[in-house]
Amino acid sequence: MSDSILTDDIRALVGFAGERIEVTFPWGIEREGLRTFTQAIMDRDARYWDEDFAKSTRFGGLVTPPIYVAYLGRRSPPGSEDTITAAYAANPNSDGIGGVARAESKGGLPPIRTTLKRVLNAGNEIEVRSYPKIGDRIFSQGRYASIRERVTDDGAPMIIITTETTYTDQDGAVLCILRASQIRR
Amino acid sequence: MTSDSELRDKPQLYFDDLAVGDDLPALVIGPLTPSHLFRWSAAIENWHRIHYDQSFAIYHEGLPNILAQGSWKQSILPRYLKDLCLPDGWAWKVGFQHRAMIVPGDTVTVWARVTGKREVDGLGLVSLDVGMRLHYGPESCPGTATIVLPIRGGRSVPYPFEPTADMQVEETD
C-alpha cells in the first residue's frame, strides 16, 4: 500500500524484543516495600503480611499483588543520583519527572518514528499467571506485539501500537504479562 | 473496604453460583483525598506533580484538580478481582481503558457483571464487564475480565495458573 503511514522501518519493529532486565534490587522483593504498596491500594489481605496465615494458603508463603512487579523498575536505586533534584536543576518548572532517565528505561524499546505526533492511551491488559514471593528477583522484557494502521472516522491516519511486557522470576517462570496500547494520530 | 478477616475467611465463589447478568459484590473506595493520591505516588516513586501539587495541576497543566494515577486504577482492578476469586479461584485477565478522570472528593465503585460462562478443561471461566464508576455517574475505567473459578465437585484451579490452548482459543472467539 503506497500511501501507508506504516513505513518498512516501523513494520520491522513488530516482534522486536528489548533486553531482559532485572527490575528488583539485588536483595529482591522485600516486606517493607510490599507494605507501602498494599496500603496504597488499601488491600488488607493477610497473604501479603501474615507469614503463618500465608503458609496455610495455596501460595505457601507471603506473596505480592501481581501488578506490584510493574512498579519495581521505576524506583531509584540507593546511591544513585537524586532524580528529583536533577529534574529541577534541568528545569525549575519541572513537572517532577521530566528529562530524568528512570531505571526502567534500561531494556527499553526503540522509538516508533512517525509523523503522527498526538499520543493517546488506548488501554491496558494484565494477564496474571503467578504471584511473586518475598525474596524473588524479578525481570522484565518488553516487545512490540503489534503495530496496526487504522483510519479515524474523519479519514485521518492513525496507528495503534501494542507493547507487551513479560515479568518473570529468577527461575524464568512467567508471573504476569502487561499489554499497553497506544494510539498515534 | 474489605476487612482483614473477611479476606481470611472468605467463602469460595463457585462457577455454579453465577449466571449471565449477575452483578458481583462491588468495592467502594472513597471519598479519595490528596493524601490517598500522595501515598500512591510515594509507594511507587512517581513524582509527577499533577498527582500531588494542586497549583501545578490547575495553573500549569490546566487540569480541574490533582489527578488519581492511571497506575493506581490499574492496580485496583486486579486487587478487586483477586478478592472476588479468593481463596482458590484465579483472576486471570483484565483489560480496560482510562476514561473519566478521578480527583479528590470522588468516591469510586469498582464493579463487575457476568457476561459469559464456559467450562474448559474442568474449570469455570467467567467473562465479566468491569469498571470503576464515579459517584456522580461517569465510568472511569471500563473494561472486561476473565476469572477462573472451581466447579462444585470439580478439580482445583491450578496454581501457578497456566492457561491451556483451549482457554486461549475460547478467549479470542
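One can find the structure itself at the top, above this paragraph.
Calculation criteria
- Residues numbered from 1 in each chain as written.
- Chains lettered and ligands numbered in written order.
- Predicted model: local features only at pLDDT ≥ 70, side-chain atom pairs only at ≥ 80, totals over all residues.
- Heavy atoms only, no water.
- Pairing = 2+ DSSP bridges.
- Helix = DSSP H or I, 4+ residues; strand = E, 2+ residues; numbered from the N terminus.
- Contact = heavy atoms within 4.5 Å.
- Axes fitted to C-alpha atoms, helices over the stretch in contact; angles between N-to-C directions.
- Buried area = accessible area lost by both parts, 1.4 Å probe.
- Salt bridge = Lys/Arg side-chain N within 4 Å of Asp/Glu carboxyl O.
- Polar contact = N/O pair within 3.5 Å; in protein donor to acceptor, adjacent residues only side chain to side chain.

Engineer: Help me understand the sheet that holds strand β2 (residues 90–96) of chain B in this model?
Structural biologist: Remark on secondary structure: sheet strands pair via backbone hydrogen bonds, oriented parallel or antiparallel. Read from one edge of the open sheet, ten strands run β1(A)-β3(A)-β4(A)-β5(A)-β2(A)-β2(B)-β5(B)-β4(B)-β3(B)-β1(B), paired in antiparallel fashion. Among the strands making up the open sheet, the edge pair consists of β1 (21–22) of chain A together with β1 (27–29) of chain B. Where strand β4 (residues 157–168) of chain A meets strand β5 (residues 174–184) of chain A, ten bridges bridge the pair, whose relative direction is antiparallel. Paired with Thr-163 of chain A across the strands is Ala-180 of chain A, a residue of β5 of chain A. Packing of helix α4 (residues 70–85) of chain B onto the sheet brings it into contact with β2 (119–128) and β5 of chain A together with β1, β2, β3 (108–120), β4 (123–134) and β5 (143–149) of chain B, and relative to β2 of chain B it is tilted by some 150 degrees.

Engineer: Honestly, the interface of chain B and chain A in this entry has me stumped. Any pointers?
Structural biologist: Buried accessible area, meaning the area lost when the parts come together, often serves as the stated size of an interface. Listed as interface residues are 50 residues of chain B and, on the opposing side, 41 residues of chain A. Taken over both partners, the interface formed by chain B and chain A buries close to 4,100 Å², and the fraction arising from carbon and sulfur atoms is 53%. Contact with chain A buries area across many residues of chain B, yet Arg-8, Trp-90 and Tyr-159 of chain B alone supply 15% of it, more than any other trio. Counting across the interface, chain B meets chain A through five salt bridges. Note that Asp-43 of chain A is salt-bridged to Lys-82 of chain B, the shortest N-O span being 2.9 Å. Our count for the chain B to chain A interface comes out at 30 residue pairs in polar contact (both at pLDDT 80 or more). Elements with a minimum of two residues in the side of chain B that touches chain A: α1 (4–8), α2 (34–44), α3 (54–60), α4 and β2 of chain B.

Scope: geometric values only; no functional claims are made or implied.
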